[in-house]
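Residues per chain are reported as follows:
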Amino acid sequence: RRFEWRLGPANSLVLRRIHSREHRVIRDVEHVLAYRDTQHATNQGSIIRLDNGDLLLGYNEERGRVHSDSGQSCLVRSSDGGRTWDPASRVVVWPYTDYVGNWDCAFAQLSNGTVLMHTRVCSFMAPAGISGGAEQIVGPPPGRRERLKRQTGYAICRSDDQGQTWTPPIPVNTTPISDSGLGRYVVGGSGAGHIIELPDGGLLMPLHGTIDREWPRMSGEQPRCFLLRSDDGGFNWEYWATVAYDPAQILMFAEAGMRRLRNGRLICLMRTEARPGRVDTMWFTWSDDDGASWSRPERTKLWGYPADVMQLEDGRVLAVYGYRRPPWGVRGCISEDGMTWDPKNEFVIREGGAASPDAMREYWHIGYPTVTQCEDGTMVAAYREYDETPIQCMWVTRFRV
């Protein structure tokens, strides 16, 4: 009405265009602090809607205030569509010890009600293992925390009571993909890598990793996106297919955002980098045979990473992804069919969230969004950002598309 008064009747055509443009962006936006711990950084979120209507938000709780990828997988829940999150609902799914940690948790609920969480495993948290300390050893700079830390596996936990209690971790077989731990792109994923249940009961776990044991950014192969499959409800897993891989060893494909559409097609948006370290736009691929084979990866024009994707109740497909450059934050894009991704349909979910470069070395370490839809159609995207102290906190944004 304000625009109508200022433009006047002669500009009614322009007015209609403005309304049409506004209709394509999100509305009813509400930002909610989901979880904050003044002594522990929280990051790497994964959100799902349970069959009882609750929202479950899993996240990594670090051992201290710095993002180190060696903490423990936790969760909190909301019973009102993400408007409020009860800190008393916090559950530690897999506690860390002095010797073992876990991070990059991703959650999914199967049709029989079982909730699954899969996560990376890391060990050897000590700053040094030889008397004299790290300053007497050729290697990383003196005083570096967790100098010996490496990834030592992948595991899955199970819950039959909506995430209240959990089984001990069950090791996951990722062979022939390596768990060498020598680089940051050995077997891994993100909170957006939810397990996908197929009509025949098979389960697919989207991950990324390398086959050889060389440092990915040097002489070894570049990471690929791949799938594990389980036909016994998630107790045992085997390699199923490669989703995307560059035999030229220039492009890296990682952190797959994958979903199964109602027509049976699997779609996947991937974080992509090109040697010697240039962040590229996301690449896209799809499968019509339950992930056994995949189309040739194609480059999109969407800049950001990593992505989570889901099909909305109205059939459209939503992608959410981090935006790690000014003005920072989290963005989304709508696709009518899940196959075409046009930056013209991009919108801002949350802006900002980075720390001051003077206060935090990894000041840009924000985002990693994950998304679900409530029964009333409201979208809830979860992500991390820094507060003013600064420390990483878990936020959600409720909105309608």
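Everything that follows concerns the structure shown earlier in this document.
I will try to describe carefully the structure that is included in this document. (Residues numbered from 1 in each chain as written. Predicted model: local features only at pLDDT ≥ 70, side-chain atom pairs only at ≥ 80, totals over all residues. Heavy atoms only, no water.)

**Concerning the environment of W294**
Logical step 1: Among the secondary structure elements, W294 is positioned in the loop between β17 (283-287) and β18 (298-299).
Logical step 2: Separated by 52 residues in the primary sequence, W294 and T242 place their C-alpha atoms 7.8 Å from one another.
Logical step 3: Sequence-distant contacts of W294, that is, excluding residues within four places in its chain, are made with L227, A241, T242, V243, M258, L266, C268, T285, W286 and S287.
Logical step 4: Reaching out from W294, the side chain makes a polar contact with the backbone oxygen of G291 at a distance of 2.9 Å. (Helix = DSSP H or I, 4+ residues; strand = E, 2+ residues; numbered from the N terminus. Contact = heavy atoms within 4.5 Å. Polar contact = N/O pair within 3.5 Å; in protein donor to acceptor, adjacent residues only side chain to side chain.)

**What to know about the packing of aromatic side chains**
Logical step 1: Within this structure, the stated rule accounts for eight aromatic pairs.
Logical step 2: With centroids separated by 5.7 Å and ring planes inclined at 70°, the aromatic side chains of F253 and W283 adopt a geometry described as edge-to-face. With a gap of 30 residues between them, F253 in strand β14 (residues 251-260) and W283 in strand β17 connect regions that are remote in the sequence.
Logical step 3: Between W328 and Y363, the ring centres sit 5.9 Å apart and the planes meet at 80°, which makes this aromatic pair edge-to-face. (Phe/Tyr/Trp six-rings, centres within 6.5 Å; stacked < 30°, edge-to-face > 60°.)

**Brief notes about the side chain of Q109**
Logical step 1: Within the fold, Q109 resides in strand β6 (residues 100-109).
Logical step 2: One polar contact links the side chain of Q109 to the main-chain amide nitrogen of D51, over a distance of 2.7 Å.
Logical step 3: A polar atom in the side chain of Q109 sits 3.0 Å from the backbone oxygen of G113.
Logical step 4: Discounting chain neighbours no more than four positions away, the residues touching Q109 are I48, R49, L50, D51, T114, V115 and Q162.

**Brief notes about the sheet that holds strand β5 (residues 86-94)**
Logical step 1: In spatial order, the strands read β2-β3-β4-β5; together these four strands make up an open sheet with antiparallel pairing. Only two strands of the sheet have a single neighbouring strand rather than two, namely β2 (42-49) and β5. Looking at each pair of strands side by side, their axes are set apart by 25° on average, direction ignored.
Logical step 2: Inspection of the sheet shows strand β4 (residues 72-78) paired to β5 by four bridges, in the antiparallel sense. The partner of L75 across the bridge, within β5, is V91. (Pairing = 2+ DSSP bridges. Axes fitted to C-alpha atoms, helices over the stretch in contact; angles between N-to-C directions.)

**Looking at the environment of L207**
Logical step 1: Relative to the elements of secondary structure, L207 occurs in strand β11 (residues 203-209).
Logical step 2: Distance from L207 to T242, taken between C-alpha atoms, is 9.7 Å for residues 35 residues apart in sequence.
Logical step 3: Contacts of L207, omitting those with residues within four sequence positions, involve H118, Y154, V187, G188, G189, R224, C225, F226 and L228.

**Quick look at the side chain of S70**
Logical step 1: Relative to the helices and strands, S70 resides in the loop between β3 (55-61) and β4.
Logical step 2: Judged by relative accessible area, S70 falls into the buried class, the value being 1%.
Logical step 3: Setting aside chain neighbours within four positions, we find S70 in contact with E62, R63, G101, N102, C122, M125, E146 and K149. (Buried < 20%, exposed > 50% of the residue type's maximum accessible area, 1.4 Å probe, protein only.)

**Looking at unusual backbone geometry**
Logical step 1: The peptide bond linking R275 to P276 adopts the cis configuration, its omega dihedral lying at 10°.
Logical step 2: Within the element layout of this structure, P276 appears in the loop between β15 (266-274) and β16 (278-279).
Logical step 3: Look at the link from Y305 to P306: it is a cis peptide, with omega at -25°.
Logical step 4: Following the sequence through the fold, P306 ends up in the loop between β18 and β19 (307-311).
Logical step 5: Even without being glycine, D290 reaches a positive phi, approximately 60°.
Logical step 6: Note that D290 resides in the loop between β17 and β18.

**Here we look at the pairing of β15**
Logical step 1: In terms of residue burial, β15 counts as a mostly covered element, since nine of its nine residues are buried.
Logical step 2: Side chains L266, C268, M270, T272 and A274 of β15 all project onto a buried face; the interleaved residues I267, L269, R271 and E273 project onto the opposite face, where all are buried too.
Logical step 3: Between β14 and the antiparallel strand that follows it, β15, lie five residues; G264 among them carries a positive phi value of about 95°.
Logical step 4: Pairing between β15 and β17: five bridges, direction antiparallel.

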